[in-house]
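# Architecture and fold: a report
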Amino acid sequence: MRLSRPARITLGTVTGLILLVIYLPLLVVFVNSFSTSTNLTWPPPGFTLEWWGKAFQNQGALDAIATSAQVAVLATAISLVLGTLVSLALQRHKFFGRDAVSLLVILPIALPGIVTGIALNNFFRTIIDVRLGLLTIVIAHATFCIVTVFNNVIARLRRMGTSLEEASADLGAGVWTTFRLVTFPQLRSALLAGGLLAFALSFDEIIVTTFTAGAGVTTLPIWILDNLFRPNQAPIVNVIAVVLVLVSIVPIYFAQRLAGAEQLQK
Amino acid sequence: MASSPSIERAVVPRPRETTARKISVFLSQHARVRLAFLLSAPLFWLGLVYIVALVSLLITAFWSVDSFTGEVSTQFTLDNVITVVTGSLYQAVTLRTVGVALLVTIVDIVIALPIAFFMAKVAGPRLQRILVIAVLMPLWASYLVKAYAWRSVLSQGGIFEWLVRPFGGESPGYGLPATIITLAYLWLPYVILPIYAGLERVPNSLLEASSDLGAKTGRTLRTIVLPMLWPAIIAGSIFSFSLSLGDYITVNIVGGANQLLGNLVYTNVGAANNLPLAAAIALIPIGIMIVYLTAARRTGALENL
């Protein structure tokens, strides 16, 4: 199939339009973060840097960002380990119940967040009777983050094949050495991509978090939900959203570059 | 070995008999033990945390709450399930929720197909990488902020009205259409990415062969691309469908007074403090997703998530 020039141009235009719609709300957030109006009138009546100054002094917001980062780092670390283990098991071995295990990994993300949320809330409070807090959020997040790591790693394992690992074993390397020197380096960019997605997923999660956070723990989404409808806080929320999007360019860019570099090597 | 150990060692370094080495040898000879080692931690985690939680939620659906004391009674009863299945409120809300989730999914697929196709098959490697970043980046802007941004876009005197007023259009206001637009917007990257990955796996040589054999673009898309892409499309739809099915926050922000299943569950857990009824309502999306996943599994979509 060779696309004609008009077809390519049409596709390109459609893509451009879609991207425009994707970025329109983000643009509104960006502009509103400078607006003198606190109730989102368009076009903004005037511009000010007041909210940007206030946002960086807002202790509640800064604490919430720190809490969310802490939760996301822990949940990502756990899901990286568990996701890698389960994808190695499913890709390199055949066993009874393999389909069931893969379904089990997908289930926490395939079932609506509210189901996962109340199920875990009920489990923590009435079955094992632990106080809700930071740790319960980490456990909940890690559970549904496993799948993003799993997907990336298993796709990579499938493409890698086993010949290099077999060669390594034939040359006398043990199980650990082969993993450290042969398997892991090939998985690195898949782990980075999966880990990034897991981090983003955890950092932004609100539904499961609402049900697994204790009274004293405020993650960033919980803080935003508390402040979104307060007139003097909404512009600060806009500032924080803009900062997050801008900061996120860095890790995404490096993950893409790493993936691109690996593709070139092949 | 006793005659010239140093020379032999220099040629083939003999591994030292450490514990790690012994375990390594044992593991490489016993595939099943290796498998058990790999599986035990993830299965322990998912089984203990998730399955136990899910099963106990299912059991809770058959309990009840004493309306005087507010205590949960663990006596088996079908009351909640019967209420949910026969109550007209629950039926209406279920239909509305499934309708919204289906429309969101369709909108997302229709938007994702052309952009994913452009990314995978038209754009050069450099532009491709930029587009992937452009699609991924909005995922980092908070879900709540994006929903709130749509509230501001669609508000009276908002940017949407400002844009379409010259053409005689008006904003849909807050309600189900706004909910569908916002949800479709929120889940779009989750649908674009698997479809893009699926298209990347369709080899260009097949498309060229098809055109060499005389097939027009439409025919190639229908008979070559679509069958290969189908699992990826279903995989993407699982995200948008499931995420829409359980949402209750977006509909609060842009949905006006409308309620979805998530809202019913939420109010019963929170304000009404009736976990058994909430669990019974939660059975509806669980049931729907199980049917959906079973159907999706046949297409091989779960490998494409």
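Everything discussed here concerns the structure shown above.
Rules used throughout
- Residues numbered from 1 in each chain as written.
- Chains lettered and ligands numbered in written order.
- Predicted model: local features only at pLDDT ≥ 70, side-chain atom pairs only at ≥ 80, totals over all residues.
- Heavy atoms only, no water.
- Helix = DSSP H or I, 4+ residues; strand = E, 2+ residues; numbered from the N terminus.
- Rg over C-alpha atoms; globule rule 2.2 N^0.38 Å.
- Buried < 20%, exposed > 50% of the residue type's maximum accessible area, 1.4 Å probe, protein only.
- Contact = heavy atoms within 4.5 Å.
- Salt bridge = Lys/Arg side-chain N within 4 Å of Asp/Glu carboxyl O.
- Phe/Tyr/Trp six-rings, centres within 6.5 Å; stacked < 30°, edge-to-face > 60°.
- Axes fitted to C-alpha atoms, helices over the stretch in contact; angles between N-to-C directions.
- Parallel < 35°, antiparallel > 145°, perpendicular 65-115°, else oblique.
- Left-handed = near helix turned anticlockwise from the far one by under 90°.
- Nonpolar A, V, L, I, M, F, W, Y, C, P; charged D, E, K, R; others polar.
- Buried area = accessible area lost by both parts, 1.4 Å probe.
- Patch = residues over 30% accessible without salt bridge, like charges linked within 9 Å, V, L, I, M, F, W, Y side chains within 5 Å.
- Areas by Shrake-Rupley, 256 points an atom, 1.4 Å probe, with all protein chains shown as cover.
- Polar contact = N/O pair within 3.5 Å; in protein donor to acceptor, adjacent residues only side chain to side chain.

All right, on to the overall build of chain B then. In terms of regular secondary structure, chain B is built from 14 helices and 2 strands. Here the C-alpha radius of gyration of chain B, 27 Å, is well above what a compact globule of 305 residues would show, namely 19 Å. Principal-axis analysis of the C-alpha atoms gives chain B an extent of 95 × 65 × 35 Å. Taking all 305 residues of chain B together, the buried fraction comes to 48%.

Residue and element names in this part refer to chain B. Residue position: threonine 182 is located in helix α9 (residues 176-200). With a relative accessible area of 0%, threonine 182 lands in the buried category. Apart from the residues within four sequence positions on either side, threonine 182 is in contact with Ala147, Trp150, Thr250 and Val254.

All names here are of chain A. By the definition in use, this model includes 4 salt bridges over all chains. Across the pair glutamate 50 and lysine 54 runs a salt bridge, and its minimum N-O distance is 2.9 Å. With glutamate 50 and lysine 54 both in helix α2 (residues 50-55), this residue pair falls 4 residues apart, about one helical turn. Look at glutamate 50 and you get partly exposed, because its relative accessible area is 38%.

This brings us to the packing of aromatic side chains. By convention here, two paired aromatic rings are described through the distance between centres and the angle between planes. Tallied over the full model, the rule gives 16 aromatic pairs over all chains. Aromatic pair Trp176(A) and Phe37(B): ring centres 6.3 Å apart, planes at 75°, arrangement edge-to-face. With one member in each of two chains, Trp176(A) in helix α8 (residues 175-204) and Phe37(B) in helix α3 (residues 31-60) form a pair that bridges those chains. We classify Trp176(A) as partly exposed; its relative accessible area is 37%. Judged by relative accessible area, which is 44%, Phe37(B) ranks as partly exposed. Taking the centre distance of 6.4 Å and the plane angle of 50° together, the rings of Trp187(B) and Tyr190(B) count as tilted. Taken together, the residues Trp187(B) and Tyr190(B), both in helix α9 and 3 residues apart, mark about one turn of the helix. Taken together, the ring pairs connect Phe30(A), Phe34(A), Trp52(A) and Phe56(A) into an aromatic cluster.

This paragraph deals with the environment of Trp51(A). All names here are of chain A. With respect to the element layout, tryptophan 51 can be found in helix α2. Along the backbone, tryptophan 51 and asparagine 238 are 187 residues apart, and their C-alpha atoms lie at a distance of 8.8 Å. Leave out the neighbours within four places in its chain, and tryptophan 51 touches Ser33, Ser35, Thr38, Asn232, Pro235, Ile236 and Val239.

The subject of this paragraph is the packing of helix α5 (residues 88-122) of chain B against helix α11 (residues 217-245) of chain B. Residues and elements named next belong to chain B. Remark: α5 packs on α11, axes separated minimally by 9 Å, with the N-to-C direction vectors making an angle of 135°. Relative to α11, α5 is oriented oblique. For the element pair α5 and α11, the recorded crossing hand is right-handed. Residues Thr97, Val98, Ala101, Leu102, Val104, Thr105, Asp108, Ile109, Leu113 and Phe117 of α5 lie in contact with α11, whose contacting residues are Leu221, Leu229, Ile233, Ser237, Ser240, Phe241, Ser244 and Leu245. A per-class count over the contact of α5 with α11 returns 12 nonpolar, 5 polar and 1 charged.

Residues and elements named next belong to chain B. Mapped onto the elements, alanine 116 comes out in helix α5. The buried category is assigned to alanine 116, whose relative accessible area is 0%. Along the primary structure alanine 116 and arginine 34 are separated by 82 residues, whereas in three dimensions their C-alpha atoms are 39 Å apart.

The next thing to look at is the interface of chain B and chain A. Residue-level contacts link 95 residues of chain B with 92 residues of chain A. Carbon and sulfur atoms supply 79% of the area that chain B and chain A bury against each other, a total of about 8,800 Å² over both sides. A per-residue breakdown of the area chain B buries against chain A is headed by Trp45(B), Tyr50(B) and Trp140(B), which together make up 10% of the total. Run the count over chain B and chain A and you get 1 salt bridge.

Here we come to the side chain of Asn122(A). Along the polypeptide, Asn122(A) turns up in helix α5 (residues 113-127). Judged by its relative accessible area of 4%, Asn122(A) is buried. In contact with Asn122(A), other than residues within four places in its own chain, are Ile127(A), Ser56(B), Leu57(B), Thr60(B) and Leu275(B).

Residues Ile127(A), Ile128(A), Val130(A), Phe44(B), Leu48(B) and Val52(B) make up a contiguous nonpolar surface patch of roughly 500 Å² in combined accessible area. If one sorts the elements of the nonpolar patch by residue count, α3(B) sits on top with 3 residues. Inspection of the secondary structure puts Val130(A) in the loop between α5 and α6 (134-160).

All names here are of chain B. Tracing the chain through its elements places threonine 250 in helix α12 (residues 249-254). Spatially, the C-alpha atoms of threonine 250 and leucine 58 are 26 Å apart, while their sequence positions differ by 192 residues. With near-sequence residues (within four places) excluded, threonine 250 lies in contact with Tyr143, Ala147, Thr179, Thr182, Leu183, Leu186 and Gly255. Side-chain polar atoms of threonine 250 contact the side chain of tyrosine 143, separated by 3.1 Å.

What is shown is where atoms sit, not what they do.
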